[in-house]
Every structure is written in C-alpha cells, then in structure tokens.
Amino acid sequence: MKKLFLNWKQNGSLQSITEFKNNIHNSNKVVLFPPLPYLTFSQSSKFEIGAQNVSAFNNGAFTGEVGASMLKNCNTKYCLVGHSERRELFKETNENLSLKIKLLKQHGITPILCIGENLYERRENKVFKKLNHQMEIFENNVLIAYEPIWSIGTGITAKIEEIEEISNFIYKNYSIKIIYGGSVSSNNAKNILQLPLISGVLIGGASLKVNEINKILDDTSRC
Ligand code: PGA
C-alpha cells in the first residue's frame, strides 16, 4: 500500500492538529510527522505517527535532544533521518545519521533516510554520485525518500521521467522502492503514486491543509 507521509516541519499548533484529527478521512495510508511536543497529542486511530528527527545518542546528558526510546514510548512508527533541511541548516553528516539509523532500528522505529541533489549537482551531472554517497549508510529495513533539494518548497516538482530515472537507479542498485518528496500536492500526487517503483510521497507544505490531503486520498484510492 502506497503511503502519504506528512512532514509538518516546524509548523502547527494544538488547534491545527485537532482540526486535522477531526477532518482527515479514515484510511490506513497516512503518517503524520508533527513537531515533537505534539507527538502524544497527535495520536489518532485514523493515522500513524512519525517523528522528524531523533538524537544520535542513547539517553543521557544531551540537553535539548529527544531519544529513540522516547519516540517509541509515544507510539512513533517512523522517523525521518537526514532531511535536507537538517543536513544543510544543522550540518548533519553521514556519520551522525548512521548512528540515528542504528538507534531507531534498535527501538523498532522505521528510519526514512532522505536523499537528494541540489540544483548545482543536477546541472553538473553529479546526481548519481551524490545519491551513492548518501546511500553509503543505507541498511536493511530503512526506507528511502528521494527529495531533490531544488524541488522542496519551490512549487517545482521533478518531472515524471526524472522521478522514474532515480527510482530505477535506486531499485537497480539497492533493491528498494522509494518515496518521492518535493512540492507534492493534489495536482501531481496521483501521477507520481502511479509509478511502479514509488512506494509513497513525502508532503511538506501541502500537508498543512487537510482538504488537500483528503483530495489526494480520494484521487489515489486505487494506488
Ligand atoms: P514540500 O516539502 O512538499 O513543501 O516541497 C517536502 C519536504 O521537505 O519533505
């Protein structure tokens, strides 16, 4: 079953989560990634819960960090690892992300490793080199979200042929289907989710509008 992964980033409030819980259609396809303080409040029988980040360390003296065991306590099923915003703004590296993946797996949470090239790398034909480097820390039972950086929050979705090219490349080399992210909305989700090597979509901006997600659920009920 193809899933919708909803990354709310640093957005939302108790009020908007209540509205989301009340209005989202019943399905077993939605995973909500709220900001960490709202993890427990967000629980609902209508969808699963994911976290946007986790500490690279076991519990201890790491002020401000949230450990994998705490996420597990809050019924978290998935956790993003290495979203491009974290790699760029918080200087996360393969070494640090690999620790996060191991801790998540130890606690029975599925890591979603985010990979993707920037515009310069695409123009200079360095896409596969970049993705292979980011995939060095891939291991079993890790999901992969391909999110071209030039497409995140820009309204420019990768072309279907571009998404196919990357999903073929990852499948051929790592035997796994990918989640696609980057300006996904009700205008393009159906076409993307119909691709055979796509297992879901990671939605940022559009996921804050519950009607938009309900529209995607309706449009893609057969995907
Ligand atoms: P976007 O964000 O849908 O707003 O492009 C996607 C993401 O950052 O995961």
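Please refer to the structure higher up on the page.
As the structure is a computational prediction, the values presented were derived from the model and not from experiment.

Q: Even after reading the chapter, I still don't get the packing of helix α6 (residues 127-134) against helix α7 (residues 160-174), so can you show me in this structure?
A: Between two packed helices, both the angle of their axes relative to each other and the distance between the axes serve to describe the pair. Contact geometry for α6 and α7: axes closest at 12 Å, N-to-C directions at 45°. When the axis of α6 is compared with that of α7, the two are oblique. Considering only the axes of α6 and α7, their crossing is right-handed. Residue-level contacts link V127, F128, L131 and N132 of α6 to E165, I166, F169 and Y174 of α7. Grouping the constituent residues of the contact of α6 with α7 by class yields 6 nonpolar, 1 polar and 1 charged.

Q: What is the right way to look at the side chain of N188 in this model?
A: Residue placement: N188 occurs in the loop between β7 (178-181) and α8 (189-193). The exposure class assigned to N188 is buried, which follows from its relative accessible area of 14%. A polar contact is formed between the side chain of N188 and the backbone nitrogen of S185, at a distance of 2.9 Å.

The rules behind the values
Residues numbered from 1 in each chain as written. Predicted model: local features only at pLDDT ≥ 70, side-chain atom pairs only at ≥ 80, totals over all residues. Heavy atoms only, no water. Axes fitted to C-alpha atoms, helices over the stretch in contact; angles between N-to-C directions. Helix = DSSP H or I, 4+ residues; strand = E, 2+ residues; numbered from the N terminus. Parallel < 35°, antiparallel > 145°, perpendicular 65-115°, else oblique. Left-handed = near helix turned anticlockwise from the far one by under 90°. Contact = heavy atoms within 4.5 Å. Nonpolar A, V, L, I, M, F, W, Y, C, P; charged D, E, K, R; others polar. Buried < 20%, exposed > 50% of the residue type's maximum accessible area, 1.4 Å probe, protein only. Polar contact = N/O pair within 3.5 Å; in protein donor to acceptor, adjacent residues only side chain to side chain.

Read these as geometric descriptors, not functional statements.
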